[in-house]
Amino acid sequence: MINLYQPTITKKDIKSVTDSLEKTYLSGNSPIVEDFEKKLAQICGTKYALACSNGTLALHLALISVGLNEGDEVIVPSLSYIASANAVKYFGGKPVFVDVNEDDWQINTDLIESKISKKTKAIMPVHLYGGVPKLNKISEIAKKYKLKIIHDCAESLGSLYKGKHSSSFKDVAIHSFFPNKLITTGEGGLLVTNNLNIYKKAKKIRSQGLRGSEEYDHDIIGYNYRMPAICAALGISQADKIESNLDKKKLIFERYIQNLEKEGIKFQKSDFIVSSSHWLTVIILPTRLIRNRLQEHLYANNIETRKVFKPLNLQKPYKNLESKNYYPISEKISNLGLCIPSSPNLSIDYIDYISNKIIEFIDS
Ligand SMILES: Cc1ncc(COP(=O)(O)O)c(C=O)c1O
């Protein structure tokens, strides 16, 4: 089977983990976790980074660290992985959905203001499939309505906006290191920010709300969201692959375009000021039926694919909340989109093989 995504684990990665084990660096308080954080902060171009147990919890941590409370509304794009909305629900907040653009699939900034109410306290731009939303416009809106911005960059490590890492923008951002991401720590997440207050608060909440250096003295309710040292050890070694993985992913995306665009297949577009990490290559087919049949055809040929996320407003936990609202572009992309194999180690021969199987199906 050609997997949708296959992480590359090298001998160097294994050595990094076994070295950590030999030193009995195990917990989230081990020095190696800070080494990982420093390395990633430098790569993302932020002053601070906090390693977390996974991206979902890093997102929850980011939301509460900017000061959001029960009852607060957060603007979230209707097309995303369910973790984006769930993290808002964890603190008793309400995700308010906004549809996405047809070309780049990012939150439609022209629709945001119509969804802002007195209760709106934040915007969560999701940098979907490695693309980047219109950050300038989002920052203007946030300034006008005094809203916080929490970037869900789970899928976009390595993406740039005007030459800067897209997670380095105000106020705070998160990444995920799940095995299908650009680099992996097994499970793992990261909060990055340039804001010292957010960093300090997030660090405290991540470690059970410890007041200061006094033992067992906690003045707020926190969580244990730390990343284990073994995961950080893998992350330190994996981080050396970021640049080469980005180069390979660009090549994969461009090769699929070269092979398939002439067959009428559409791809995610990017603004010229964006450099996408091309997390997963997604193709857009003419109808939902064709997309579903193509998925079956590829599976029969040992090629693993995945549909695009189901829009958040159609997910059971959010359906009643949203029964009167319609997000046509999210639904369209979700119905027509298919994620195709995009592992950094995918050879040109395999890309051509997969492309030929797609063309063979379309021609039949
Ligand atoms: C947009 C988005 N947000 C959040 C997450 C959650 O990250 P994790 O799986 O590390 O919890 C993901 C995971 O893929 C994601 O795609």
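Every residue gets a number counted from 1 within its own chain, in the order that chain's sequence is written. A pLDDT threshold of at least 70 governs which residues receive local features in this predicted model, and a stricter bar of 80 or more applies before side-chain atom pairs are shown or counted, although totals over entire chains, interfaces and linings include all residues. Only hydrogens and water are set aside when side-chain values are computed; all heavy atoms of the structure are taken into account.

1. Regarding the sheet that holds strand 1 (residues 48–52)
Paired strands, in this sense, are two strands between which DSSP finds at least two bridges. Secondary structure elements follow DSSP: runs of H or I of four or more residues count as helices, runs of E of two or more count as strands, with numbering from the N terminus. Spatially, 7 strands are ordered 1-9-8-5-4-2-3 in an open sheet, and the strand pairing comes out mixed. The open sheet has two edge strands with one neighbour each: strand 1 and strand 3 (94–98). Adjacent strand axes in the sheet meet at a mean angle of 25 degrees, parallel and antiparallel pairs treated alike. When strand 2 (residues 73–77) meets strand 3, the two strands line up parallel, connected through 5 bridges. Across the sheet, residue Ile75 finds its bridge partner in strand 3, namely Val96. The contact criterion used is simple: two residues touch if any of their non-hydrogen atoms lie within 4.5 Å. An axis is simply a line fitted to the C-alpha atoms; with a helix, the fit covers only the stretch in contact. Between two such axes, the angle follows the N-to-C directions and lies from 0 to 180 degrees. Of the strands in this sheet, strand 1, strand 8 (172–176) and strand 9 (189–193) touch helix 2 (residues 31–44), which is tilted by about 130 degrees from strand 1. In the packing of helix 4 (residues 83–90) onto the sheet, the strands contacted are strand 2, strand 3 and strand 5 (148–152), and the crossing angle to strand 3 comes to about 150 degrees.

2. A closer look at the site of the ligand
Within the structure, the ligand sits among 14 residues, and Thr56, Asp152, Glu155, Ser176 and Lys181 are positioned closest to it. N or O atoms within 3.5 Å of each other form a polar contact, as long as, within protein, one can give a hydrogen and the other can take it, and as long as residues adjacent in sequence are counted only when both atoms are side-chain atoms. At 2.6 Å from an oxygen atom of the ligand is found a side-chain nitrogen or oxygen belonging to Glu155. In isolation the ligand has 390 Å² of accessible area, and contact with the protein removes 93% of it. Space inside and on the surface of the protein is sampled on a 1 Å grid over the protein atoms alone, with a cavity defined as a set of points where a 1.4 Å probe fits but cannot get out and a pocket as an open set with protein on both sides within 12 Å along at least 5 of 7 lines; lining residues have an atom within 4 Å of a point. Put plainly, a molecule is in a cavity or pocket when over half of its atoms are within 2 Å of the grid points there. Assessed atom by atom at 2 Å from the grid points, the ligand resides in the largest pocket. When contributions to the shell around the ligand are tallied by element, the ones reaching two or more residues are helix 3 (55–65) and helix 4. Residues of the shell around the ligand, tallied by class, amount to 4 nonpolar, 7 polar and 3 charged. Whether a residue is near a molecule or strand depends on its heavy atoms: if one lies within 4 Å, it is near. Throughout, the Shrake-Rupley method with a 1.4 Å probe supplies accessible areas, and for residues the shown protein chains are the sole cover considered. Gly falls in the polar group here, along with every residue not listed as nonpolar (Ala, Val, Leu, Ile, Met, Phe, Trp, Tyr, Cys, Pro) or charged (Asp, Glu, Lys, Arg).

3. Considerations on the nonpolar core
The nonpolar side chains of soluble globular proteins are, as a tendency, buried together. Think of a nonpolar core as a cluster: buried Ala, Val, Leu, Ile, Met, Phe, Trp, Tyr and Cys residues, connected wherever their side-chain atoms sit within 4.5 Å. With a 1.4 Å probe rolled over the protein chains alone, any residue whose accessible area is under 20% of its type maximum counts as buried; one over 50% counts as exposed, and the rest are partly exposed. Judged by nonpolar contacts, the single largest core of 52 residues is most densely connected at Leu63, Leu68, Val74, Met124, Tyr129, Ile150 and Ile333. Sorting the residues of this core by element identifies strand 1, helix 3, strand 2, helix 4, strand 8, helix 6 (196–206), strand 12 (281–284) and helix 11 (328–336) as the ones contributing at least two each. Counting residues per element, this core draws most heavily on helix 3, at 7 residues. Domain borders in the structure are assigned automatically or taken from a domain database. Residues from two domains meet in this core; each of domain 1 (11–239) and domain 2 (242–363) gives at least three. Phe36, Ala49, Phe177 and Leu190 belong to the second largest nonpolar core, which has 25 residues in total.

4. Describing the pattern of salt bridges
When a carboxyl oxygen of Asp or Glu lies within 4 Å of a side-chain nitrogen of Lys or Arg, that pair is called a salt bridge. Inspection of every chain in the model, using the stated rule, returns 15 salt bridges. The salt bridge partner of Lys12 is Asp240, with a shortest N-O separation of 2.9 Å. Here Lys12, found in helix 1 (residues 11–22), pairs with Asp240, found in the loop between helix 7 (229–239) and helix 8 (242–260); they are 228 residues apart in sequence, far enough to count as distant. It is possible to trace a salt-bridge network through shared partners that takes in Lys12, Lys39 and Asp240.

5. Some thoughts on the layout of surface pockets
Grid points are joined across faces, edges and corners, and a volume is the space filled by probe spheres set on the points. Volume-wise, the largest pocket comes out at about 500 Å³. Contributions of two or more residues to the lining of the largest pocket are made by helix 3, helix 4, strand 8 and strand 13 (306–307). No other element matches helix 3, which puts 3 residues into the lining of the largest pocket. Its residues assigned to classes, the lining of the largest pocket comprises 13 nonpolar, 8 polar and 6 charged.

6. Some words on the domain arrangement of the protein
The domains assigned to the protein are domain 1 (11–239) and domain 2 (242–363). If you average the C-alpha positions of domain 1 and of domain 2, the two centres end up 25 Å apart. At the junction of the two partners, domain 1 supplies 44 residues and domain 2 supplies 37 residues. Summed over both partners, the interface of domain 1 with domain 2 buries about 3,500 Å², with 64% contributed by carbon and sulfur atoms. In this structure, the connection of domain 1 to domain 2 is made through 1 salt bridge. The buried area of a pairing is the accessible area, by a 1.4 Å probe, that goes missing from both parts when the two are put together, added over both.

7. Regarding the sheet that holds strand 13
Reading across the sheet, the 4 strands line up as 10-12-14-13 and stay open at both edges, with antiparallel pairing between neighbours. Unpaired on one side and paired on the other, strand 10 (266–267) and strand 13 mark the two borders of the sheet. Inspection of the sheet shows strand 12 paired to strand 14 (residues 337–340) by 4 bridges, in the antiparallel sense. Residue pairing across strands places Val282 opposite Cys339, the latter belonging to strand 14.

8. Quick word on helix 1
To estimate the expected span of a helix, subtract one from its residue number and multiply by 1.5 Å. In a regular helix each residue adds 1.5 Å, so 12 residues correspond to 16 Å; helix 1 covers 16 Å between its end C-alpha atoms and thus fits that length. If you check which residues of helix 1 are buried, you get Asp13, Ser16, Val17 and Ser20. Seen along its axis, helix 1 keeps its buried residues to an arc of 90 degrees; they face one direction. Residues Lys11 and Glu22 are exposed on helix 1 and point more than 90 degrees away from its buried face. On the buried face of helix 1, the contacting elements are helix 2 and helix 7. A positive backbone phi angle near 50 degrees is found at Thr24, which sits one or two residues after helix 1. For this quantity, the arc is that covered by the directions from the helix axis to the C-beta atoms.

9. Some points on unusual backbone geometry
Between Lys170 and the following residue, Asp171, the backbone shows a cis peptide bond with an omega angle of -5 degrees. One non-glycine residue with positive phi stands out, namely Gln208, at about 65 degrees. Structurally, Gln208 can be placed in the loop between helix 6 and helix 7. In this model, Asn302 sits at a positive phi of 60 degrees, which is unusual for a non-glycine residue. If you trace the backbone, Asn302 turns up in the loop between helix 9 (288–300) and strand 13. Judged by its relative accessible area of 44%, Asn302 falls in the partly exposed class.

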